[in-house]
Every structure is written in structure tokens, then in C-alpha cells.
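Coordinate analysis (summary)
Residue strings, one per chain:
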Amino acid sequence: MHVRPCRVALIAHDGKKNEMVALATEFRSLLAGCTLCATGTTGARLQAEVGLAVERLLSGPMGGDLQIGARLAVGGIDVVIFLRDPMTPQPHEPDINALVRASDVHDVPCATNVSTARLLLRQLAMQLAAAEPDQP
């Protein structure tokens, strides 16, 4: 039985990009087995600093959040890790709200802080481990 890789979207506001790199480093082995997409700069940093294969979309303010939301709406995303900076106003706040709303509408797990992201990624790792056939 073939299990398709989990499709994970990774997004981080500027003030949270270092935390995203640290999180991705912590879960590198898990994320390396997933199909990853990310908004522009976040994806570039994950490629360069963590060594992950990431499909880079547009930056958030240029429509990257909307691109991920569109994929999510048609079943192309299984998990969203969106490290938001709640203390810094974002010029594209409507796009951010639309993405989070789409994850709620389509019942896609969406972690918006590091603690929740860790819980989600740990659970994903356990589910994937349980789905692997036992090796003789």
C-alpha cells in the first residue's frame, strides 16, 4: 500500500522566520518526507538553512497566502504551519484572515504558534509511523 506524502504549507511573518527555521530544523527528518510549499522568503530560508526541498510560492504580501489558501480549498494541503506575528500590523491582514478561515472551513489543521506547531508535527510523526508497514 502506497501512502502519499503529507502536504505541508509553511508560512512565517518576518518576526517569526527564525522560529520557523528552528522548528523546521527540529522536525527536519519528518518534514523531509513531506511535500512542502512555503511563501517566498520563508521557503528560501528553509531551503538554504535547513536543506529542505520546498516549493516556493509568492511572498505573503504579494499573494502567497492566497496561493496556499487556494490549494487548501481544493484539498491540496493537509497541514498549515503559519507562525504569525500578532504584535506587528500586517498590510495583507485580509489575506491572512482568509487563509486561516479557509483552514477552518475545510477542516485542515493550522498551527499559528510554535507550541501548537510542535504538537501538530509530533502527532503527524506518530500517525506516519503507525501507517508504515513493519519491516521484517
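The structure displayed is predicted, hence computed values, not measured ones. Sequence order sets the numbering: in each chain, residues are counted from 1 along the sequence as written. The model is predicted, so local features are restricted to residues of pLDDT at least 70 and side-chain atom pairs to those at 80 or more, both for listing and for counting; the totals for chains, interfaces and linings are taken over all residues. The side-chain numbers reported here are obtained from all heavy atoms of the structure, hydrogens and water having been left aside.

Think of an α-helix as turning once every 3.6 residues; residues three or four places apart then point the same way. Residues Lys17, Met20, Val21, Leu23 and Ala24 constitute the buried set of helix α1 (residues 17–26). Across the axial projection of α1, the buried residues extend over an arc of 165°, all falling on one side. Contacts between residues were defined by any pair of non-hydrogen atoms, one from each residue, lying within 4.5 Å. Helix numbers and strand numbers start at the N terminus; a helix is a DSSP run of H or I with at least 4 residues, a strand a run of E with at least 2. Elements that come into contact with the buried residues of α1 comprise β1 (7–12), α2 (28–32), α3 (40–50), β4 (79–83) and α6 (114–131). Relative accessible area decides the class of each residue, using a 1.4 Å probe on protein chains only: under 20% of the type maximum gives buried, over 50% gives exposed, and in between gives partly exposed. What the arc describes is the spread of directions from the helix axis to the C-beta atoms.

Right, let's get into the pairing of β1. β1 sits mainly inside the fold: 5 of its 6 residues count as buried. Paired strands, as defined in this entry, are two strands with at least two bridges between them according to DSSP. Relative to strand β2 (residues 35–38), β1 runs parallel, the two being bridged by 4 bridges. Paired with Leu10 across the strands is Ala38, a residue of β2. Where β1 lies against β4, 5 bridges are found, and the strand directions are parallel. Paired with Ala9 across the two strands is Val80, which belongs to β4.

Core analysis: the biggest nonpolar cluster contains 27 residues, and Val8 and Ile81 have the highest contact counts within it. For this core, the elements supplying multiple residues, two or more each, are β1, α1, α2, β2, α3, β4 and α6. At 5 residues, α6 tops the list of elements feeding residues into this core. With sequence-adjacent residues up to four places away left out, Val8 is seen in contact with Leu31, Cys34, Thr35, Leu36, Cys37, Val79 and Ile81. Counting 14 residues, the second-largest nonpolar core is a separate cluster that includes Ala9, Ile11, Val100 and Val108. Here the nonpolar core consists of buried residues drawn from Ala, Val, Leu, Ile, Met, Phe, Trp, Tyr and Cys, with membership extended through side-chain atoms lying within 4.5 Å.

For helices, the axis comes from a line fit to the C-alpha atoms of the stretch in contact; other axes are also lines fit to C-alpha atoms, and the angle between any two N-to-C directions lies between 0 and 180 degrees. For the pair helix α4 (residues 64–73) and helix α5 (residues 93–105), the least separation of the axes is 9 Å and the interaxial angle reads 15°. The pairing of α4 with α5 is recorded here as roughly parallel in orientation. Here α4 runs over α5; the crossing is left-handed. Contacts between α4 and α5 involve Asp65, Leu66, Ile68, Gly69 and Leu72 from the first element and Asp95, Ile96, Leu99, Ala102 and Ser103 from the second. Polar here means any residue outside two lists: the nonpolar Ala, Val, Leu, Ile, Met, Phe, Trp, Tyr, Cys and Pro, and the charged Asp, Glu, Lys and Arg; Gly therefore counts as polar. Of the residues contributing to the contact of α4 with α5, the split by class is 6 nonpolar, 2 polar and 2 charged. Here is the rule for angles: anything less than 35 degrees is roughly parallel, anything more than 145 is roughly antiparallel, 65 through 115 is roughly perpendicular, and the remaining ranges are oblique. By convention the crossing between two helices is left-handed if the near helix lies anticlockwise of the far one by an angle smaller than a right angle, and right-handed if it lies clockwise.

The next thing to look at is the pairing of β4. Most of β4 is tucked away: 5 of the 5 residues are buried. Both faces of β4 are covered, namely the face carrying Val79, Ile81 and Leu83 and the face carrying Val80 and Phe82. Both β4 and strand β5 (residues 110–111) contribute to a ladder of 2 bridges, which runs parallel. Paired with Val80 across the bridge in β5 is Cys110. Orient the strands so they point away from the viewer, and a crossover whose first-strand-to-second-strand path over the helix runs clockwise is right-handed. Regarding the hand of the β-α-β motif, the stretch spanning β4, α5 and β5 is right-handed.

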